[in-house]
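# Topology and contacts: notes
So the chains spell out like this:
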Amino acid sequence: MPPQSNAIDLTNILEPYLNKWVALSANQSQVLGSGDTVAQAVQEAHQKGEKEPAVLFVPSISGPHVLSV
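Residues numbered from 1 in each chain as written. Predicted model: local features only at pLDDT ≥ 70, side-chain atom pairs only at ≥ 80, totals over all residues. Heavy atoms only, no water.

### Let's talk about the overall build of the protein chain
Helices and strands together make up the secondary structure of the protein chain, namely 2 helices and 3 strands. Reading the helices (α) and strands (β) of the protein chain from amino to carboxyl end gives α-β-β-α-β. Evaluated residue by residue, the protein chain yields a buried proportion of 29% over its 69 residues. Within the protein chain, contacts between residues at least 6 apart in sequence are counted, and of these 36% link residues at least 24 apart. When the accessible area of the protein chain is evaluated, it comes to approximately 5100 Å², of which 51% is carbon and sulfur surface. (Helix = DSSP H or I, 4+ residues; strand = E, 2+ residues; numbered from the N terminus. Buried < 20%, exposed > 50% of the residue type's maximum accessible area, 1.4 Å probe, protein only. Contact = heavy atoms within 4.5 Å. Areas by Shrake-Rupley, 256 points an atom, 1.4 Å probe, with all protein chains shown as cover.)

### So, the environment of alanine 41
Within the secondary structure layout, alanine 41 lies in helix 2 (residues 38–47). On the accessibility criterion, alanine 41 (0% relative accessible area) is buried. The spatial distance from the C-alpha of alanine 41 to the C-alpha of tryptophan 21 is 6.1 Å, given a sequence separation of 20 residues. Sequence-distant contacts of alanine 41, that is, excluding residues within four places in its chain, are made with Trp21, Val22, Ala23, Gly33, Ser34 and Gly35.

Next comes the structure, spelled out in structure tokens:
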């Protein structure tokens, strides 16, 4: 039996946030904050009640990228 992957395809939900920082919900299913800085993204997520959001930068799509949370 092949090993299970915990990978989550975020392509569709992250597309509107190219070249921005985003803060994701704890289950990484939705964007709760975004901005030009980590602080802006995290502040929005905190205002929506997420205490420990997963934060990542969404690069422009010009080639393959591997994002790790």
